[in-house]
Structures are given as structure tokens and as C-alpha cells.
Amino acid sequence: MLETKRLILRPFLRSDAADVLEYLGKPAVHCFADMKLCSLAEAEREMERRGEQGEYYFAIVLKESGKVIGEIAAYPEERQGDTFSPCWMLNGMYQGKGYAYEAARVFFGYLFERKGARRIYAYAEEDNLPSRRLCERLGMRKEGEFKEFVSFVKNSDGTPLYENTIQYAVLKREWSGDAFIEKRSL
Ligand SMILES: CC(C)(COP(=O)(O)OP(=O)(O)OC[C@H]1O[C@@H](n2cnc3c(N)ncnc32)[C@H](O)[C@@H]1OP(=O)(O)O)[C@@H](O)C(=O)NCCC(=O)NCCS
């Protein structure tokens, strides 16, 4: 359980299904197309699966209302256990208020201080400016630009739609995680 001024980050619960369906009923970006949820029953099954990964997969919860407004997750890489690549997403109604930054800062602190992270890197599609700005606000360095790097969806003629990807990263020795506060229970 992690806490910031306005947010709690905690493992998912079955009862979060309706809040998550609100934003994953129609994923906002191509890279999350395969995370689409089609019904409340499907969302409940997904919450149970996520609940079992509570060490690395967090619901972003508004303190004042208890509403789940998004999610953040990252796992140690199989071949390099000190390297993590986060995935972040907010309900569109709650973007542009600094919540993703607040959640990511405390999550990065958790990975660096508690989970043995040495390097955290993120991919953002070239045209995903909110995600790129978030990386930069977090102090991540731009490491590279990959042209036609990946395809998540198809063009109308059935051919893969390739996207340009930007890579950002921050090392533990570059990180200043003064916002890191952990609460063991609410
Ligand atoms: C990527 C994503 C999480 C970023 O969310 P966000 O709300 O824009 O990010 P932040 O929390 O950093 O908020 C920053 C904005 O809030 C504004 N803001 C308002 N009140 C604020 C406050 N109290 N504190 C900080 N920022 C505040 C900032 O000025 C900034 O606006 P700007 O981007 O126009 O400069 C969000 O766009 C999203 O969920 N996108 C869909 C999923 C996605 O693309 N995931 C990443 C795939 S690579």
C-alpha cells in the first residue's frame, strides 16, 4: 500500500471492476488495445487475476472518494531482475490534474527502494504527448527513437499499423525520490 497527498496505490479488488470498466471498456491508446474489457463479468475476472499480482500491479485510488481512477504496474524483467518498465493509465475524466505524476513518483520510489530496481525505462508512442511529458516530468532521459518499431492494431486494409516509439529511462543513482512514503495499512 502506497500513499501520496491525494492518492492511495493498492492491489486491485473484485469490487473495482465497474471503475476499471469505465476506462478499459474503450482503451485510449493502441498499445492497450488487447486490455479492452467488454463486460462487468469480464472486468471482475480481470480484477481477481490482478489481485494475485498485488506486489507489482496497483490501482490508483482517489483518497477523498475511494474511486479507482487508473492503474500503474511494472514487473522485474525475466533476464534482468533489476530492470522494470512501467505501464500507466488514467480514466480520461481524471487526466490533466497531476495524478499520474503523483502516482508514478511514489511507484518509482517503491521500485527503487523496496523492489531492487536499478533501471526503469518506458516506451511511449511518438504521438502520445501526455505520456512523453509524464516521462520527462519524472526526470527520465530520452534514450532513443525507434521508427516503425511496433504494431498493436491494423490499418483498414488489414496491414499492420506501425508506430514510432520513444524510449525514456532513469537509473536509481539519477533518481531523487523525496516523495516516497509507504503505508503498510490504511
Ligand atoms: C499518460 C497519462 C497517464 C498522463 O496523464 P496526465 O494526467 O496527463 O499526467 P500528469 O499526472 O503528469 O498530469 C499532468 C498535467 O496535469 C496538470 N496539472 C493540473 N493540476 C496539477 C497538479 N495539482 N499537480 C500537477 N499537475 C497538475 C499539469 O499542468 C499537466 O498538464 P499538461 O500535460 O497539459 O502540461 C494519461 O494521458 C493516460 O492515461 N493516457 C492513456 C494511457 C496511456 O497513454 N498510457 C501510456 C502508454 S505509453
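Residues numbered from 1 in each chain as written. Predicted model: local features only at pLDDT ≥ 70, side-chain atom pairs only at ≥ 80, totals over all residues.

## Comments concerning helix 1 (residues 17–24)
Test applied: Partly exposed residues are those falling between the two cut-offs: more than 12 but fewer than 20 other C-beta atoms within 10 Å of their own, whereas 20 or more means buried and 12 or fewer means exposed, with C-beta atoms placed from the backbone. Helix and strand assignments follow DSSP, with helices taken as H or I runs no shorter than four residues and strands as E runs no shorter than two, numbered in order from the N terminus. By definition, the arc is the one covered by directions from the helix axis to the C-beta atoms. Residue pairs qualify as contacts under a 7 Å threshold applied to their C-beta atoms, which are placed from the backbone.
For helix 1, the full list of buried residues reads Ala17, Asp19, Val20, Tyr23 and Leu24. Down the axis of helix 1, the buried set is contained in an arc of 160°. They therefore lie on one face. Each element contacted by the buried residues of helix 1 is listed here: helix 2 (40–51), strand 4 (68–73) and strand 6 (87–90).

## A short note on the site of the ligand
Quick note on the threshold: What makes a residue near a molecule or strand is its C-beta atom, placed from the backbone, lying within 6 Å of it. When residues are sorted by character, Ala, Val, Leu, Ile, Met, Phe, Trp, Tyr, Cys and Pro go into the nonpolar class, Asp, Glu, Lys and Arg into the charged class, and all the rest, Gly among them, into the polar class.
Close contacts around the ligand come from 20 residues, with Gln95, Gly98, Ala100, Tyr101 and Pro130 the closest. Breaking the shell around the ligand down by element, the ones donating at least two residues are strand 6, helix 3 (99–114) and helix 4 (129–137). Here the element with the most residues in the shell around the ligand is helix 4; it accounts for 5 residues. Here the shell around the ligand is composed, by residue class, of 12 nonpolar, 5 polar and 3 charged.

## Considerations on the sheet that holds strand 1 (residues 2–3)
The pairing of strands in a sheet happens through backbone hydrogen bonds and is either parallel or antiparallel. Just so we agree on the cut-off: Here the rule is simple: two strands pair whenever DSSP picks up at least two bridges between them.
Here we have 5 strands laid out as an open sheet, ordered 1-2-3-4-6, and antiparallel in their pairing. The sheet terminates laterally at strand 1 and strand 6, the two strands that pair on one side only. Pairing between strand 4 and strand 6: 4 bridges, direction antiparallel. Following the sheet pairing, glycine 70 is matched in strand 6 by leucine 90.

## Looking at the pairing of strand 8 (residues 141–154)
By the criterion of burial, strand 8 is predominantly exposed, with just 0 of the 14 residues buried. As judged from the 9 bridges shared by strand 8 and strand 9 (residues 160–171), these two strands associate in the antiparallel manner. The partner of valine 153 across the bridge, within strand 9, is leucine 161.

## Re the sheet that holds strand 7 (residues 119–125)
Pairing is mixed in the open sheet, where 4 strands are placed in the order 5-7-9-8. Of all strands in the sheet, those bounded by a partner on one side alone are strand 5 (83–84) and strand 8. Bridge analysis of strand 7 against strand 9 gives 7 bridges, and the strand direction is antiparallel. What sits directly across from isoleucine 120, in strand 9, is valine 170.

Fair warning: the whole summary comes from geometry, so function is off the table for now.
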